[in-house]
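# Overview (structure and organization)
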Number of protein chains: 2
Amino acid sequence: MPQELLQAETSGGHDLLDGVEPESAQKLAHAALDSFFEVGYGGTTTRHISQQAGMSTGSLYSSYRSKEELLFLLTQLGHQSALQVLVAASEQPGTASDRVRAMVYEFTIWHARNYRIARVCQYQLAALAPEHHAAIAKIRHEIERVLRAEVEVGVASGEFDVVDVKGFVLAALSLGIDVARWFSPTGRQTPEALAGSYAGLAMRMLGTV
Amino acid sequence: MPQELLQAETSGGHDLLDGVEPESAQKLAHAALDSFFEVGYGGTTTRHISQQAGMSTGSLYSSYRSKEELLFLLTQLGHQSALQVLVAASEQPGTASDRVRAMVYEFTIWHARNYRIARVCQYQLAALAPEHHAAIAKIRHEIERVLRAEVEVGVASGEFDVVDVKGFVLAALSLGIDVARWFSPTGRQTPEALAGSYAGLAMRMLGTV
DNA sequence: GTCTATAGGAAGATAGAC
DNA sequence: GTCTATCTTCCTATAGAC
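The text that follows walks through the structure, step by step, so that each part is easy to find. Quick caveat: nothing in here was measured; it's all calculated off a predicted structure. (Residues numbered from 1 in each chain as written. Chains lettered and ligands numbered in written order. Predicted model: local features only at pLDDT ≥ 70, side-chain atom pairs only at ≥ 80, totals over all residues. Heavy atoms only, no water.)

Our focus in this paragraph is the relation of the copies chain A and chain B. Between the two chain copies there is a screw-like relation: a rotation about an axis and a shift along it. Superposition of chain A onto chain B requires a rotation of 180° combined with a translation of 0.0 Å along the rotation axis, giving an RMSD of 0.0 Å. The relationship between the two copies is best expressed as a two-fold rotation axis. Taking the C-alpha atom as reference, chain A places glycine 42 of chain A closest to the rotation axis, 2.3 Å from it. Mapped onto chain B, 100% of the interface residues of chain A are again interface residues, and the two copies thus contact each other with one and the same surface. (Least-squares fit on C-alpha atoms with pLDDT ≥ 70 in both. Contact = heavy atoms within 4.5 Å.)

This is how it looks when you write it as structure tokens:
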């Protein structure tokens with residue numbers, strides 16, 4: 001069973017899975033991420049995960065109870081990391097505009113830089129066991145709550161001109177999340193340019209003065 | 001082998017799969033859609049599809065060559081239908097604003113009303129054979145081209161104030177597409193309200209005067 | 001903790017009868 | 001076109017040796 005330490009250093013060559021111990025569990029986690037990303041949870045076999053990790057089929061089960069537990073680990077690490085960058089952006093000094101802009105920017109850039117684990121996080125949730133799904137749903141609600149709270153600060157202060165706060169929050173998170181569907185580091189867009197574009201569009205949506 | 005007639009009557013109780021003939025092929029297509037939606041392409045078995053369609057396992061293969069061909073049929077019908085509503089909206093009279101607003105509205109509403117086939121279309125593409133994937137990519141490029149062309153009309157006429165046309169097109173399509181990830185008819189949002197919200201946000205992104 | 005071996009079943013696709 | 005039967009391969013998970 002791996003330690004679930006959150007090592008959310010997403011830039012500078014670090015990896016979201018660096019905190020998974022011991023090494024065999026980390027190798028399996030990497031192999032599982034590759035496979036879930038490529039062929040989905042249903043298309044992934046435990047044999048393939050084990051072999052990509054350089055182990056025998058049976059050895060997977062001394063690190064993890066099941067294929068589903070491996071999905072849960074990845075999904076949990078990804079969601080915790082995404083929430084963390086959003087919270088960090090919301091704690092910046094400045095105006096509500098500054099903070100919301102930073103939140104959209106960082107959320108988008110996270111989905112681009114971590115597009116592999118992000119894609120697994122966003123599109124394989126239905127394969128989780130009910131209790132694991134509920135745990136992830138809590139983090140997702142928190143992500144929504146953190147952004148909505150900051151938007152409401154800007155509405156109250158008159159910085160933003162929005163009637164439909166829920167609609168904006170939904171749209172802003174959707175923009176970031178959908179990046180995980182199509183992003184590729186071999187494409188023309190850099191994470192930074194993309195995040196800048198979306199942050200600017202979000203400011204327009206808010207009718208900033 | 002089913003006829004691939006496009007029956008894009010998406011409202012009024014009609015079904016995108018109505019044009020699939022004969023009836024056995026249509027039943028299999030419905031069952032495949034259900035299963036691809038629920039557990040993904042990799043998690044779907046031909047046995048399950050056949051049994052849900054009320055047939056034996058082997059009978060699937062007198063309508064379709066493979067599981068992948070069934071995915072291709074669904075993906076093709078969905079994409080053709082989505083393109084069709086976008087083209088219809090682009091042919092409306094009025095200003096470029098009217099047309100782009102209608103395009104975002106209709107594209108969003110399509111992904112909400114057809115959220116099951118839309119989810120399969122958007123998230124199972126990687127399972128397609130290369131030649132099938134290429135055929136779908138053509139339709140997707142056409143979808144992007146149609147919207148971009150109309151935005152450029154509005155930019156040229158001075159109706160829109162956008163520097164980054166590609167960024168806007170990407171964001172507007174993303175908003176619509178991402179609806180397929182989370183939409184449920186049992187949720188609080190109606191397709192109409194959602195589409196209206198996103199169409200309004202798109203107009204703000206365009207800096208309409 | 002890792003291995004080999006295996007249980008016990010299910011996978012995609014095909015063959016041949018009706 | 002649909003059925004039953006089957007080929008061959010593969011599946012998740014466990015058992016027991018080292």
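Now that the structure is up, let's keep going.
Of all residues adjacent to DNA strand C, which total 13 residues, the nearest are Ser56 and Ser59 of chain A together with Thr45, Thr46 and Arg47 of chain B. Of all DNA strand C atoms lying within 4 Å of any protein atom, the proportion belonging to sugar or phosphate reaches 66%. Taking tyrosine 61 of chain B, its side chain carries an N or O atom lying 3.0 Å from a phosphate oxygen of DNA strand C. Lysine 67 of chain B is positioned with one of its backbone polar atoms (N or O) 3.4 Å from a phosphate oxygen of DNA strand C. Residues of the surface near DNA strand C, tallied by class, amount to two nonpolar, nine polar and two charged. (Near = heavy atom within 4 Å. Polar contact = N/O pair within 3.5 Å; in protein donor to acceptor, adjacent residues only side chain to side chain. Nonpolar A, V, L, I, M, F, W, Y, C, P; charged D, E, K, R; others polar.)

Take the side chain of serine 174 of chain A next. Of note, serine 174 of chain A is situated in helix 8 (residues 165-182). Classification of serine 174 of chain A by relative accessible area gives buried; the value is 1%. What serine 174 of chain A contacts, discounting residues up to four positions off in sequence, is Leu175, Asp178, Arg181, Trp182 and Tyr198 of chain B. (Helix = DSSP H or I, 4+ residues; strand = E, 2+ residues; numbered from the N terminus. Buried < 20%, exposed > 50% of the residue type's maximum accessible area, 1.4 Å probe, protein only.)

Bringing the protein's contact with DNA strand D into the picture now. The full set close to DNA strand D counts 14 residues, and Thr45, Thr46 and Arg47 of chain A together with Ser56 and Ser59 of chain B are the nearest of them. Here a phosphate oxygen of DNA strand D and a side-chain polar atom of threonine 45 of chain A are 3.3 Å apart. A distance of 3.3 Å separates a base oxygen of DNA strand D from a polar atom in the side chain of arginine 47 of chain A. Of the residues in the surface near DNA strand D, the class split is two nonpolar, nine polar and three charged.

Turning next to the packing of helix 6 (residues 115-123) of chain A against helix 8 of chain A. Residue and element names in this part refer to chain A. Contact geometry for helix 6 and helix 8: axes closest at 8 Å, N-to-C directions at 110°. With respect to their mutual orientation, helix 6 and helix 8 come out roughly perpendicular. As for how helix 6 packs across helix 8, the hand of that crossing is left-handed. Contacts between helix 6 and helix 8 involve Tyr115, Ala118, Arg119, Gln122 and Tyr123 from the former and Ile177, Asp178, Ala180, Arg181 and Trp182 from the latter. Class assignment for the residues of the contact of helix 6 with helix 8 results in six nonpolar, one polar and three charged. (Axes fitted to C-alpha atoms, helices over the stretch in contact; angles between N-to-C directions. Parallel < 35°, antiparallel > 145°, perpendicular 65-115°, else oblique. Left-handed = near helix turned anticlockwise from the far one by under 90°.)

Residues and elements named next belong to chain A. Interhelical geometry of helix 4 (residues 67-90) versus helix 6 gives an angle of 110° and a closest axis separation of 9 Å. The pairing of helix 4 with helix 6 is recorded here as roughly perpendicular in orientation. Where helix 4 crosses over helix 6, the handedness of that crossing is left-handed. Where helix 4 approaches helix 6, its residues Leu71, Leu74, Thr75, Gly78 and His79 are matched on the opposing element by Ile117, Val120 and Cys121. A class-by-class count of the residues in the contact of helix 4 with helix 6 yields five nonpolar, three polar and no charged.

Attention now moves to the pattern of salt bridges. Inspection of every chain in the model, using the stated rule, returns 18 salt bridges over all chains. Linking glutamate 192 of chain A and arginine 113 of chain A is a salt bridge whose minimum nitrogen-to-oxygen distance equals 2.9 Å. Of the two residues, glutamate 192 of chain A is situated in helix 9 (residues 191-205) and arginine 113 of chain A in helix 5 (residues 96-113); the sequence distance between them amounts to 79 residues. Residue glutamate 192 of chain A is classed as partly exposed on the basis of its relative accessible area of 35%. Classification of arginine 113 of chain A by relative accessible area gives partly exposed; the value is 38%. The shortest N-O distance in the salt bridge between glutamate 23 of chain B and lysine 27 of chain B comes to 3.8 Å. Separated by four residues within a single helix, glutamate 23 of chain B and lysine 27 of chain B lie in helix 1 (residues 23-43), roughly one turn from each other. (Salt bridge = Lys/Arg side-chain N within 4 Å of Asp/Glu carboxyl O.)

Purely spatial values, then, with no claim about function.
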